[in-house]
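Overview (structure and organization)
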Amino acid sequence: MAMRNSASRLSFLAGRAVGATLRPMHCAALHNTASDTQPKKESDYLLGTLPETMKAAVLWEPRKAMTIEELKLPRPQVGEVLIRTKACGVCHSDLHVMNNDIPFPIPCVLGHEVSGEVVEHGKHTDSATIERLPVGSRVVGAFIMPCGGCFFCVKGQEDLCESFLKYNRGLGGLYDGTTRLYMSSSGDPVYMYSMGGLAEYCVVPANGLAVIPESLPYSESAIIGCAVFTAYGAMKNAADMRAGETVAVIGTGGVGSRFHVPLEVE
């Protein structure tokens, strides 16, 4: 499916989902309940108040259980945002990596259905991005984190983003070709599947984030960037559905079940 104008599209979906019943059927939503009690004042997010390390679920070997490890706090670069993870779903794509059905560098942190709070911007990030995603914002991420500037992104085909496929899926990092995750003890790199959301904090390119309203719970909104996007993309682009049409959904698994969300077709 094509994620056209990803930031605005993600905002559209987040807004439309308000009041709908979103059940994370195909994922186990992992909720960072401890962070729910964190203060919301901007001063509470200043660098001096952030921890030096965090916990994350690390995959060391295919078909082996992940282990909880201590990593250095990831640091965002220009155009990137540090998120305090509130909820993260476990998608079947994560299971494909765990089972070695999809080749990916290891050790790695999985998790790409993420919701959370903005706590920091990378240095030299433009003012428009900071204004759109101010510190303290409630945000949801996108499975494919578009760079916004490659040949396909400027055509509105962010699902084919060259930077994402080359640097994230190929190298396990972000768009400078490096990961943001490192072991606390040894400093060895740990690779990122999308943003590596099965952690207390994660770094996400700003183009892959959208603000969600207060009325949308973190645990249910986490699936918007993957499961809901996939269903919406199939409905809008592959099926070419029109408003008022009646359709039959065959196979209502994790993605098919999203068709019950009352999204409008533009």
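These remarks concern the structure in this document. (Residues numbered from 1 in each chain as written. Predicted model: local features only at pLDDT ≥ 70, side-chain atom pairs only at ≥ 80, totals over all residues. Heavy atoms only, no water.)

1. As for the nonpolar core
Counting 47 residues, the largest nonpolar core has Leu71, Ile83, Val109 and Leu110 as its most contacted members. Mapped by element, the contributors of at least two residues to this core are strand 2 (53–58), strand 4 (80–89), helix 2 (92–98), strand 5 (108–109), strand 6 (113–121), strand 9 (189–192) and strand 10 (201–205). Those residues in contact with Val109, other than ones at most four positions away along the chain, are Ala56, Ala57, Val58, Leu71, Leu181, Val190, Tyr191, Met192, Tyr193, Gly196, Gly197 and Leu198. Judged by nonpolar contacts, the second largest core, of 10 residues, contains Tyr218, Ile223, Ala227 and Val228. (Core = buried A, V, L, I, M, F, W, Y, C linked by side-chain atoms within 4.5 Å. Buried < 20%, exposed > 50% of the residue type's maximum accessible area, 1.4 Å probe, protein only. Helix = DSSP H or I, 4+ residues; strand = E, 2+ residues; numbered from the N terminus. Contact = heavy atoms within 4.5 Å.)

2. A few points about the packing of aromatic side chains
Here the structure, examined in full by the defined rule, presents three aromatic pairs. On the basis of an interplanar angle of 90° and a centroid distance of 5.1 Å, the ring pair of Phe104 and Tyr193 is categorised as edge-to-face. One end of the pair, Phe104, is in the loop between helix 2 and strand 5; the other, Tyr193, is in the loop between strand 9 and strand 10, and 89 residues separate them in sequence. You can call Phe104 buried: its relative accessible area is 11%. (Phe/Tyr/Trp six-rings, centres within 6.5 Å; stacked < 30°, edge-to-face > 60°.)

3. Quick look at the sheet that holds strand 9
Strands belonging to one sheet form pairs held by backbone hydrogen bonds; the direction of such a pair is parallel or antiparallel. Within the open sheet, the three strands sit side by side as 5-9-8. Their pairing is mixed. Whereas interior strands pair on both sides, the edge strands pair on one side only; in this sheet they are strand 5 and strand 8 (181–182). Sheet topology note: the strand 8/strand 9 ladder contains two bridges and is antiparallel. Among the inter-strand pairings, Tyr182 is bridged to a residue of strand 9, identified as Pro189. (Pairing = 2+ DSSP bridges.)

4. Looking at the pairing of strand 6
Taking burial as the measure, the nine residues of strand 6 include nine buried ones, the bulk of the element. Looking at chain direction, strand 6 and strand 7 (residues 138–141) are connected through three bridges and run antiparallel. Paired with Glu117 across the two strands is Arg138, which belongs to strand 7.

5. Notes on the state of the cysteines
As enumerated under the stated definition, the model contains zero disulfides in all. Between Cys147, a cysteine without a disulfide, and Cys161, which holds the nearest cysteine sulfur, the sulfur-to-sulfur distance is 3.6 Å. The class of Cys147 is partly exposed, set by a relative accessible area of 23%. With no disulfide partner, Cys153 has as its closest neighbouring cysteine sulfur the one in Cys150, 3.7 Å distant. (Disulfide = S-S within 2.5 Å.)

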